[in-house]
Protein chains: 2
Amino acid sequence: MTAVSTDFAQALRDAGLRVTQQRMIVMSVLMESEDHPNADELFARTKAIDGSVSFATVYRTLAALEEAGLIRKLSFEHEPARFEVTPAAEHDHLVDVDTGEVIEIESEEIERLRRELVERLGYEIISHNTLIRARKKPRS
Amino acid sequence: MTAVSTDFAQALRDAGLRVTQQRMIVMSVLMESEDHPNADELFARTKAIDGSVSFATVYRTLAALEEAGLIRKLSFEHEPARFEVTPAAEHDHLVDVDTGEVIEIESEEIERLRRELVERLGYEIISHNTLIRARKKPRS
DNA sequence: TTAGTTGCAAATGTTTTGCACGTTG
DNA sequence: CAACGTGCAAAACATTTGCAACTAA
């Protein structure tokens, strides 16, 4: 029982969810992913570890974990949703339109300005999701 | 032939697209929409003007107009894509999670910071899309 | 024991597409 | 008239769900 898997189990319990083998696997697969996998990819990686996990369970687990705030769903255009473990600090996503690569970018100042702006409108941010489509500048 | 419809026709021609009645109707419907309609809603509003326009054409027109940069597709979560005419100034979208209302918010400073940050990474922004899920603060 | 979870397959909802016909340039 | 666009219905695609079997608490 590693520290990490204990954390997963505890996080599930805290969320009022049962600790099942399937959820543990999906969580650990997502946690260990450096990229931002979609449900298909998570299913493939999960199946490689435990062939009995079904596609439906991957989706249901993702929905449950998102609901619990443990993971985040990213909506990209023209492609299925991707997922990431909820980051400690908010960050935006830059997609290289030529390579498809996703880069996380972070700015405390932008975040602060955004929060202030939203508060001035009388709202409180629950979550936000910024997608920047960009292209690498030619290095002169 | 009004100035507005001429602009639509010209915009289509400039994009290398044929000026068809269907495209003109879809464009004008979207242009006159104060909200951010989805394909379903656009189809309904379009059909009210010309009953012969098909659902497929609405989708194909939206794809063509987006490709041409004339309109923008917004990906929300747990609901079909919405559309808006490409705004003169970039703006973000705030969704009131309780009412579903979509509010456009704009900040030149955030935009500037974001552009600078992205440029520092060697990229050039093509487009961006920010979705903020928020809840109205109780007025004390 | 029993409420929550799962696997399977079927269903759902959105968006796309093949094809024959119509229209634009 | 040639290329492009359209309508229709069927297909594709991502995601969700009903149900009977299973399992965590």
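S.K.: Describe the relation of the copies chain B and chain A, with residues and values.
M.R.: Under the fitted operation, chain B is carried onto chain A by 0.1 Å of movement along the axis and a turn of 179 degrees, and the coordinates agree to an RMSD of 0.2 Å. A rotation of that kind, with that shift, is consistent with a two-fold axis. For chain B, the smallest separation between a C-alpha atom and the rotation axis is recorded for Thr130 of chain B, amounting to 2.0 Å. The overlap is high: 98% of the interface residues of chain B also sit at the interface in chain A, so the same surface is used on both sides.

S.K.: With reference to specific residues and values, describe the protein's contact with DNA strand C.
M.R.: Around DNA strand C sit 18 residues, and of these Ser52, Ser54, Thr57 and Arg60 of chain A together with Tyr59 of chain B come closest. Arg18 of chain A places a polar main-chain atom, nitrogen or oxygen, 3.1 Å from a phosphate oxygen of DNA strand C. Tyr59 of chain B places a side-chain nitrogen or oxygen 2.3 Å from a phosphate oxygen of DNA strand C. Among the secondary structure elements, those contributing two or more residues to the surface near DNA strand C are helix 2 (21-32) and helix 4 (55-67) of chain A together with helix 4 (55-67) of chain B. In the surface near DNA strand C, the residues fall into eight nonpolar, five polar and five charged.

S.K.: I'd like a rundown of the sheet that holds strand 5 (residues 123-136) of chain B, residues and numbers included.
M.R.: Within the open sheet, the six strands sit side by side as 4(A)-3(A)-5(A)-5(B)-3(B)-4(B). Their pairing is mixed. The open sheet has two edge strands, strand 4 (102-105) of chain A together with strand 4 (102-105) of chain B, and neither has a second partner. The mean inter-strand angle of the sheet, taken between neighbouring strand axes irrespective of direction, is 25 degrees. Here four bridges tie strand 3 (residues 92-96) of chain A to strand 5 (residues 123-136) of chain A, and the two strands are oriented parallel to one another. Counterpart to His93 of chain A in the pairing with strand 5 of chain A is Leu131 of chain A. Sheet strands in contact with helix 5 (residues 108-120) of chain A are strand 3 and strand 5 of chain A together with strand 3 (92-96), strand 4 and strand 5 of chain B, and its direction is about 135 degrees off that of strand 5 of chain A.

S.K.: Tell me about the pairing of strand 1 (residues 71-74) of chain A, and name the residues and values.
M.R.: All names here are of chain A. Residue alternation in strand 1 divides its side chains into two sets, Ile71 and Lys73 and Arg72 and Leu74, and both sets are buried. Relative to strand 2 (residues 82-85), strand 1 runs antiparallel, the two being bridged by four bridges. Among the inter-strand pairings, Lys73 is bridged to a residue of strand 2, identified as Phe83.

Reading the values: rules and limits
- Residues numbered from 1 in each chain as written.
- Chains lettered and ligands numbered in written order.
- Predicted model: local features only at pLDDT ≥ 70, side-chain atom pairs only at ≥ 80, totals over all residues.
- Heavy atoms only, no water.
- Least-squares fit on C-alpha atoms with pLDDT ≥ 70 in both.
- Contact = heavy atoms within 4.5 Å.
- Near = heavy atom within 4 Å.
- Polar contact = N/O pair within 3.5 Å; in protein donor to acceptor, adjacent residues only side chain to side chain.
- Helix = DSSP H or I, 4+ residues; strand = E, 2+ residues; numbered from the N terminus.
- Nonpolar A, V, L, I, M, F, W, Y, C, P; charged D, E, K, R; others polar.
- Pairing = 2+ DSSP bridges.
- Axes fitted to C-alpha atoms, helices over the stretch in contact; angles between N-to-C directions.
- Buried < 20%, exposed > 50% of the residue type's maximum accessible area, 1.4 Å probe, protein only.

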